[in-house]
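Residues per chain are reported as follows:
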Amino acid sequence: MQVTNTKTIHVENVLIAHQFLKDVVVHTPLQKNDYLSEKYGATIYIKREDLQHVRSFKLRGAYYKVKTIEQEAREKGVVCASAGNHAQGVAYACAQLRISANIFMPLTTPKQKIDQVKMFGREYVKITLAGDTFDDSAASATAFAETENRIFIHPFDDLDIIAGQGTVAVEIMNDIEEPMDYVFGSIGGGGLIAGVSTYIKNLSPFTKIIGVEPAGAGSMKAAFGNEGPVVLETIDKFVDGAAVQCAGSLTYETCKKYVDDIVLVPEGKVCTTILDLYNKHAIIAEPAGALPIAALDFYKEEIKGKSVVCVISGGNNDIGRMQEIKEKSLMYEGLLYYFIVNFPQRAGALRQFLDKVLGPEDDITTFEYTKKNNKESGPALVGIELKHKEDYNGLISRLTENGFSYKEVNKDSTLFDLLI
């Protein structure tokens, strides 16, 4: 049974999807996290969708959608656009059901996610890289589907997809042994939070549903303010699994009905959370998957003494990004700064900088300098990591006191993008 013949998603639709999927997807664990519970003075549970077959909740909606159109899909083939996880879900489903798929992914998609799509889809999938964002890729995919008369499977703005994603909530409600006060879930286009909120709000109306978006791509937050989906002019693509320029119309209508609040989380905070999840809990979360945990800091007063569920939506993180993640985290935490420092071209200037400017626990992470004999001074790009963020003011004072002119690159976004 499909739900695309209705205008809205209902609990019954989610339960039908659950019956379809219960023998296909992993019933992922709902784990109480003692560290987070103690940190926030609450009872914090994490729903581990990073342990799903394709390391993401996206398998649920993708498989259910393909299964409900199986006969037509086998005849025509399917097309989808995705930043990675929806593509993996469609690839997995099509390989299992032996249906051909053309998958369009942005040029900015991490290699790890592209390789995963190839692995899950095997010979049934062809990948095309197109555009810099999901929305660019989706435009290419829909045009291809129309030209080739194939079925386009939307990653979020589809009622079957929403029903499939909502099965996360069925498992949560079946597993939890106490009333839930809050549920935090990531928002990209809104499929997950729409499905989860539909099911939970109808069974537990007092539970507050909090959607979480990256600060640089708050398309659902913008839709709430606009009273309808709106295309963001630019977005930050770092949180690739949630970097969507325009929320879905179906997901917006559902979220407007059931979601109590949307929190925007800075990308640097997301990075700090990714590192904490790995270092403290051995959980590998992708940026979008870490959003709900990152949002807890912005709700710490409200959740005290409460029961809270955070959905870690995915764990497809490319290890090659870890240095960038660490750097963004340090900058957000006020521990890493970049400067252009003008060094006098005289003997001992560098020694003076090391002895008089750097603090005893400061560390130089970057130093790029070329001596020019025909000038009195020469600029150097210097990266300095602090042990404590409170050391920043002392560093700035010592730069001035010792006569080093400088420009702080962190405060100039154009210069930062150019140099760092």
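Residues numbered from 1 in each chain as written. Predicted model: local features only at pLDDT ≥ 70, side-chain atom pairs only at ≥ 80, totals over all residues. Heavy atoms only, no water.

Asks: Help me understand the overall build of the protein chain in this model?
Replies: Of regular secondary structure, the protein chain possesses 18 helices and 14 strands. Taking 22 Å as the expected radius of gyration for a compact globule of 420 residues, we find that the protein chain reaches 24 Å, a close match to that expectation. A principal-axis box enclosing the C-alpha atoms of the protein chain has dimensions of 80 × 55 × 40 Å. A fraction of 75% describes how many contacts in the protein chain between residues 6 or more apart in sequence connect residues 24 or more apart. For the protein chain, the exposed area adds up to about 18,100 Å²; of that, 48% sits on carbon and sulfur atoms. Averaging the positions of the 45 positive and the 55 negative side-chain charges in the protein chain gives two centres separated by 2 Å. (Helix = DSSP H or I, 4+ residues; strand = E, 2+ residues; numbered from the N terminus. Rg over C-alpha atoms; globule rule 2.2 N^0.38 Å. Contact = heavy atoms within 4.5 Å. Areas by Shrake-Rupley, 256 points an atom, 1.4 Å probe, with all protein chains shown as cover. Lys, Arg positive; Asp, Glu negative; His and termini not counted. Charge placed at Lys NZ, Arg CZ, Asp CG, Glu CD.)

Asks: In this structure, what is going on with the nonpolar core? I would like to understand it.
Replies: By size, the foremost hydrophobic cluster in this structure holds 66 residues, and its most contacted members are Tyr63, Val78, Val90, Ile103, Met220 and Val309. Here this core gets seven residues from one element, more than from any other, and that element is helix 5 (residues 85-97). Residue contributions to this core reach at least three from each of two domains, namely domain 1 (11-57 + 159-325) and domain 2 (78-149). Among the nonpolar cores identified, the runner-up in size contains 34 residues, and Ile44, Tyr182, Phe238 and Ala295 belong to it. (Core = buried A, V, L, I, M, F, W, Y, C linked by side-chain atoms within 4.5 Å. Buried < 20%, exposed > 50% of the residue type's maximum accessible area, 1.4 Å probe, protein only. Domains from an automatic or database assignment.)

Asks: I tried to follow the domain arrangement of the protein chain on my own but got confused; where do I start?
Replies: Accessible area lost during the coming together of the parts is what is often quoted as the interface size. When its domains are assigned, the protein chain resolves into domain 1 (11-57 + 159-325), domain 2 (78-149) and domain 3 (334-419). Computed over C-alpha atoms only, the centres of domain 2 and domain 3 are separated by 45 Å.

Asks: Teacher, can you tell me more about the sheet that holds strand 3 (residues 78-81) here?
Replies: Sheet strands pair by backbone hydrogen bonding; their relative direction is either parallel or antiparallel. A sheet is described by the order of its strands in space; here four strands give the open sequence 5-4-3-6, paired in parallel fashion. This sheet does not close on itself; its edge strands, each paired only once, are strand 5 (125-129) and strand 6 (151-153). In this sheet, adjacent strand axes meet at a mean angle of 25° when their direction is disregarded. Bridge count between strand 4 (residues 101-105) and strand 5: five bridges; the pairing is parallel. Within strand 5, the residue paired with Ala101 across the bridge is Val125. (Pairing = 2+ DSSP bridges. Axes fitted to C-alpha atoms, helices over the stretch in contact; angles between N-to-C directions.)

Asks: Any chance you could explain the sheet that holds strand 2 (residues 43-48) here in plain terms?
Replies: Pairing in this open sheet of six strands is mixed, and the strands run 1-2-10-7-8-9 from one edge to the other. Strands with a single pairing partner mark the edges of an open sheet, and in this sheet they are strand 1 (30-32) and strand 9 (261-265). Averaged over neighbouring strand pairs, the angle between their axes works out to 25° when direction is ignored. As paired strands, strand 8 (residues 208-214) and strand 9 are joined by five bridges and run parallel to one another. Residue pairing across strands places Ile210 opposite Asp261, the latter belonging to strand 9. Contacting strand 7 (182-186), strand 8 and strand 10 (307-312), helix 10 (residues 191-203) crosses the sheet at an angle of about 175° to strand 8.

Asks: Quick question: what am I supposed to make of the packing of helix 13 (residues 267-281) against helix 14 (residues 287-295) here?
Replies: The packing of two helices is summarised by the inter-axis angle and the distance between the axes. Here helix 13 crosses helix 14 at 95°, and the two axes come no closer than 8 Å. Looking at the two axes, helix 13 sits roughly perpendicular to helix 14. Touching Lys269, Val270, Thr273, Ile274 and Leu277 of helix 13 are Pro287, Ala290, Leu291, Ile293 and Ala294, all from helix 14. Residue composition of the contact of helix 13 with helix 14, by class: eight nonpolar, one polar and one charged. (Parallel < 35°, antiparallel > 145°, perpendicular 65-115°, else oblique. Nonpolar A, V, L, I, M, F, W, Y, C, P; charged D, E, K, R; others polar.)

Asks: Explanation requested: the side chain of Thr68 in the structure shown.
Replies: With respect to the secondary-structure elements, Thr68 resides in helix 3 (residues 58-68). Here Thr68 falls in the buried class, since its relative accessible area comes to 14%. Here the side chain of Thr68 touches Lys65 through a polar contact of 2.8 Å, landing on its backbone oxygen. (Polar contact = N/O pair within 3.5 Å; in protein donor to acceptor, adjacent residues only side chain to side chain.)

Asks: Help me out: how do you make sense of unusual backbone geometry in this one?
Replies: Only a minority of non-glycine residues have a phi that is not negative, and only a minority of peptide bonds are not trans. One non-glycine residue, Glu227, lies in the positive phi region at around 60°. Looking at Glu227, the relative accessible area reads 68%, which means it is exposed. Notably, Ala282 is not glycine yet its phi reads approximately 55°, a positive angle. Mapped onto the secondary structure, Ala282 falls in the loop between helix 13 and helix 14.

Asks: Hey, could you run me through the packing of aromatic side chains in this one?
Replies: Where two aromatic rings form a pair, the distance of their centres and the angle of their planes describe that pair. As enumerated under the stated definition, the model contains 18 aromatic pairs in all. A ring pair is formed by Tyr92 and Phe120, whose centres lie 6.0 Å apart and whose planes are at 65°; its orientation type is edge-to-face. One end of the pair, Tyr92, is in helix 5; the other, Phe120, is in helix 6 (residues 111-121), with 28 residues separating them in the sequence. Accessibility assignment for this pair places Tyr92 and Phe120 in one class, buried. Three or more aromatic residues joined by ring pairs form one cluster here, namely Phe343, Phe353, Phe367, Tyr369 and Phe404. Sitting over the ring of Phe224, Lys256 keeps its end group 4.7 Å from the ring centre. The ring of Phe238 carries Lys328 above its face, with NZ or CZ at 5.0 Å from the centroid. (Phe/Tyr/Trp six-rings, centres within 6.5 Å; stacked < 30°, edge-to-face > 60°. Lys NZ or Arg CZ within 6 Å of the ring centre and 35° of its normal.)

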